[in-house]
Amino acid sequence: MPNAVPPAPADLHLDVVTDAHRPAQLPLLSRIAELLSASPAVTHLLVRGSLASGTADRLSDVDFVVGVHDRDVPAFISTLDDLMTVAGGALLPGWRDTIVADLGGVGFVFLVQYEGKLQQVDLYLAPASRVSILRQTVGWKVLLDRPPADITIPQVDQARAHIADLTARPRSCTELLIEHLVLAVLLHKRIRRGQRFIAYGEWHMLHTATKDLVKAALAPQSRFWGWYQLREELAPTPIGRACLADLDVAITSPAVPDAAAVDAALDRVLTLTERACPEALDGLADAITAYRTYLELV
């Protein structure tokens, strides 16, 4: 990807959002749109979700589809965390989104501090060659449309292979801890909105992330899928037995959490991380502190 960053184009079509409504997240949407559009790799910006449909509330996330020239997909993904944390105000590297539907790209969720609040920014990165198909399958508002004319078949194949490799790669303890932080924020939103069914699903995801973190730390060479053989693999060591006890508390909690249960779960995970893989906490102190004050920030 070229190092030179051109100025943001003057024709960002933010009026497609502002004409319908003026949500509180609009300044953040504009800031992230200008940041992304300044990259020569970005070919399209689409806003989707509640900001595109006019149904946003104060807890709504900022949700983009980002078209990236196929040749630039690997380089853009490799620099996205730096872009969002240094220039975009994100607290921590992005969580690779496992909730979003597979639309031929890869999604990331960032937690961004903006004007005294903690906001969720979802970026779904798609190769430019896929954007025309995406437009037929998701609700969107176009902010930027500069489709390239020079995408080659090898570039398309390279982009697809890179995304497939990324989504298949096992996640590290640090990535799994970030997943806990993001899911905790999502769960607080679900609870505040009364979205019990979604909260149920994301609560199970959080427990599964805890299991995955334990396995990544203590049984990285495990040959067993999912929850199979956990006790057999972990019980031989004192740390493993303590982690099993934490998991037992998690899976015997109520099926739909309240806010206190989410906070308690995160406390358990942080204690578990300090015990099993303390290096995963490196560099995340500010993010964890920000989460602790999340309810006050929103």
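Look up a bit, the structure's there.
No experiment lies behind these values; they were computed from the predicted model shown.

## Considerations on the state of the cysteines
In step 1: Inspection of every chain in the model, using the stated rule, returns zero disulfides.
In step 2: Unpaired in this structure, Cys243 has its nearest cysteine sulfur neighbour in Cys277, at a distance of 8.1 Å.
In step 3: With no disulfide partner, Cys277 has as its closest neighbouring cysteine sulfur the one in Cys173, 3.5 Å distant.

## Side note on a nonpolar patch on the surface
In step 1: On the surface, Phe224, Trp225 and Tyr228 cluster together into a nonpolar patch covering about 430 Å² of accessible area.
In step 2: For Tyr228, the location among the structural elements is in the loop between α8 (196-218) and α9 (230-234).
In step 3: We classify Tyr228 as exposed; its relative accessible area is 55%.

## Observations regarding unusual backbone geometry
In step 1: Not every positive phi belongs to a glycine, and Gln229 is a case in point at roughly 60°.
In step 2: Positionally, Gln229 belongs in the loop between α8 and α9.
In step 3: For Gln229, a relative accessible area of 31% corresponds to the partly exposed category.

## Description of the packing of aromatic side chains
In step 1: According to the stated counting rule, one finds zero aromatic pairs in the structure shown.
In step 2: The positively charged end of Arg223 is found above the aromatic ring belonging to Phe224, 5.2 Å away from the centroid.

## Notes on helix α2 (residues 26-37)
In step 1: Over its twelve residues, α2 extends 16 Å from the first C-alpha to the last, a length consistent with the 16 Å expected when each residue adds 1.5 Å.
In step 2: Taken across its twelve residues, α2 has nine buried, putting it largely inside the fold.
In step 3: Of all the positions in α2, only Leu26, Leu28, Leu29, Ser30, Ile32, Ala33, Leu35, Leu36 and Ser37 are classed as buried.

## With respect to the nonpolar core
In step 1: With 45 residues, the main nonpolar core has Leu92 and Trp95 as its most contacted residues.
In step 2: Secondary-structure elements contributing two or more residues to this core are β4 (106-114), α7 (173-193), α8, α9, α10 (238-251), α11 (259-276) and α12 (285-292).
In step 3: At eleven residues, the largest contribution of residues to this core is made by α7.
In step 4: Contacts of Leu92, omitting those with residues within four sequence positions, involve Thr85, Phe110, Leu111, Ile178, Leu181, Leu284 and Ala287.
In step 5: Leu35, Phe76, Met84 and Val121 belong to the second largest nonpolar core, which has 34 residues in total.

## Here we look at the sheet that holds strand β1 (residues 42-47)
In step 1: Judged by pairing direction, the sheet is mixed, and its six strands sit side by side in the order β3-β4-β5-β2-β1-β6 without closing on themselves. Either end of the sheet is taken by a strand with one partner, and the two such strands are β3 (95-96) and β6 (141-145).

## Digging into the packing of α10 against α11
In step 1: Direction vectors running N to C along α10 and α11 enclose 165°, while the axes themselves pass 10 Å from each other. It follows that α10 is roughly antiparallel to α11 by the angle criterion. Seen from above, α10 lies across α11 with left-handed handedness. Residues Ile239, Ala242, Cys243, Asp246, Val249 and Ala250 of α10 form the contact with α11, whose participating residues are Arg268, Leu272, Arg275 and Ala276.
In step 2: Here the contact of α10 with α11 is built from residues that sort into seven nonpolar, no polar and three charged.

Cut-offs used in this document
Residues numbered from 1 in each chain as written. Predicted model: local features only at pLDDT ≥ 70, side-chain atom pairs only at ≥ 80, totals over all residues. Heavy atoms only, no water. Disulfide = S-S within 2.5 Å. Patch = residues over 30% accessible without salt bridge, like charges linked within 9 Å, V, L, I, M, F, W, Y side chains within 5 Å. Areas by Shrake-Rupley, 256 points an atom, 1.4 Å probe, with all protein chains shown as cover. Salt bridge = Lys/Arg side-chain N within 4 Å of Asp/Glu carboxyl O. Helix = DSSP H or I, 4+ residues; strand = E, 2+ residues; numbered from the N terminus. Buried < 20%, exposed > 50% of the residue type's maximum accessible area, 1.4 Å probe, protein only. Phe/Tyr/Trp six-rings, centres within 6.5 Å; stacked < 30°, edge-to-face > 60°. Lys NZ or Arg CZ within 6 Å of the ring centre and 35° of its normal. Expected span 1.5 Å × (residues − 1). Core = buried A, V, L, I, M, F, W, Y, C linked by side-chain atoms within 4.5 Å. Contact = heavy atoms within 4.5 Å. Pairing = 2+ DSSP bridges. Axes fitted to C-alpha atoms, helices over the stretch in contact; angles between N-to-C directions. Parallel < 35°, antiparallel > 145°, perpendicular 65-115°, else oblique. Left-handed = near helix turned anticlockwise from the far one by under 90°. Nonpolar A, V, L, I, M, F, W, Y, C, P; charged D, E, K, R; others polar.

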